[in-house]
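Listed below are the residues making up each chain.
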Amino acid sequence: MVLFFTSNVHNPPVVIYMGKDKVETSPDEELIKYAWPQDVWFHVDKLSSAHVYLRMPEGMSWESIPQTILVDCAQLVKANSIEGNKKDNLTIIYTPGDNLKKTGDMAVGQVSFHSDKKVKRVHVEKRENAIVNRLNKTKVEKEVDHEQERVDRLKKEGAIKRAAAAEKRKAELELAKQREAEKQARSYDTLFDNVDEEEDTGPRKTGRELEDDFM
C-alpha cells in the first residue's frame, strides 16, 4: 500500500507519497525500484524513517525546490521516524529518485547513492504539528500496480515526445517553405531590377534621329 499526501503550499499543489510500512511486500523496495524520473527521495539522515517521495510538477528542478515544499516533505519524514520524531534539530537528506542505488546485499529499505554530489540537506529544528496535521488530512491510501503504472507513464511520455517531434517537423517544413518563397521573391526582384537597368542604360536617340524616325 502507498500513502499519498497533497501539499497545497505550491500552485499547482504537489503530491508527496510514501510506503505504508516495511511489512507485507516491502513497499519501500517497490518505491525505490519504480521511482519516477521526476521523483525526489527524502529520508532522515543517519536514522530510520519512512522513505518519502516528492513528485515534482513539470518545470520544477530538484535543485530548486521551493522552501515551503521542502519544509512539508521534511516534516512528513520526521513525523514518520520513530526515533527522529522525538528529536529536535534533525537533518533530512534528499536526492533525485534515479540517484538511489540498491544492491542485493543491502537490508530492506537500505539504499546508497550513485553520486554523493547529488544529495542535498535540509535542517528541521522541531516538529511542526500544524504542517503534519494539514498533510495528514489529505492522506489517501492506495494499492498501486507499480509495473502497470510504469508502462502507462512510458506510453504517455512516448506519445508526448512523438507529438512534439511532429510539431517540430511541421514547423521546420513551414520554415523551409517560407525561406524558399523568400528566395524566389528575391530572384524575381533581381530579374526585374536587371531589366530596368538595361532599359535605363540603353542608347539614347539624338534630336536628328528622332526627326528621321518621324519622317
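The shown structure was predicted, so the numbers you read here are calculated from the model rather than taken from an experiment.

Draft legend 1. Geometry of the sheet that holds strand β3 (residues 39-44). Taken together, seven strands build an open sheet; the order of strands is β8-β5-β3-β4-β2-β1-β9 and the sheet is antiparallel. Taken across any chain shown, the strands that pair with only one partner, and hence form the sheet edges, are β8 (120-124) and β9 (140-142). Taking each pair of neighbouring strands and ignoring which way they run, the sheet shows an average axis angle of 30°. Pairing geometry for β3 and strand β5 (residues 90-96), over five bridges, is antiparallel. In the strand pairing of β5, Val44 is matched with Ile92. Its contacts with the sheet put helix α2 (residues 67-79) on β1 (2-7), β2 (14-19), β3, β4 (52-55), β5 and β8, and the angle it makes with β3 is roughly 50°.

Draft legend 2. Examining the pattern of salt bridges more closely. Inspection of every chain in the model, using the stated rule, returns four salt bridges. Its salt-bridge partner being Lys46, residue Asp45 comes within 3.3 Å of it at the nearest N-O pair. A salt bridge links Arg134 to Asp72; the nearest nitrogen and oxygen atoms lie 2.9 Å apart. You can see Arg134 sitting in helix α3 (residues 129-136) and its partner Asp72 sitting in helix α2, a full 62 residues away along the chain.

Draft legend 3. Local environment of the nonpolar core. Residues Val40, Phe42, Val52, Leu54, Ile65, Ile92 and Tyr94 are the most contacted members of the largest nonpolar core, which totals 29 residues. Of all the secondary-structure elements, those providing two or more residues to this core are β1, β2, β3, β4, α2, β5, β8 and α3. With six residues, α2 is the largest single contributor of residues to this core. Excluding residues within four positions of it along the chain, Val40 makes contact with Val52, Tyr53, Leu54, Met56, Trp62, Ile65, Tyr94, Thr95, Pro96 and Gly97.

Draft legend 4. Structural detail: the environment of Thr6. Turning to its location among the elements, Thr6 is positioned in strand β1. By relative accessible area, Thr6 is classed as partly exposed at 29%. Once the C-alpha coordinates of Thr6 and Lys137 are considered, the two residues, 131 residues apart in sequence, prove to be 9.0 Å apart.

Scoring rules and cut-offs
Residues numbered from 1 in each chain as written. Predicted model: local features only at pLDDT ≥ 70, side-chain atom pairs only at ≥ 80, totals over all residues. Heavy atoms only, no water. Pairing = 2+ DSSP bridges. Helix = DSSP H or I, 4+ residues; strand = E, 2+ residues; numbered from the N terminus. Axes fitted to C-alpha atoms, helices over the stretch in contact; angles between N-to-C directions. Contact = heavy atoms within 4.5 Å. Salt bridge = Lys/Arg side-chain N within 4 Å of Asp/Glu carboxyl O. Core = buried A, V, L, I, M, F, W, Y, C linked by side-chain atoms within 4.5 Å. Buried < 20%, exposed > 50% of the residue type's maximum accessible area, 1.4 Å probe, protein only.

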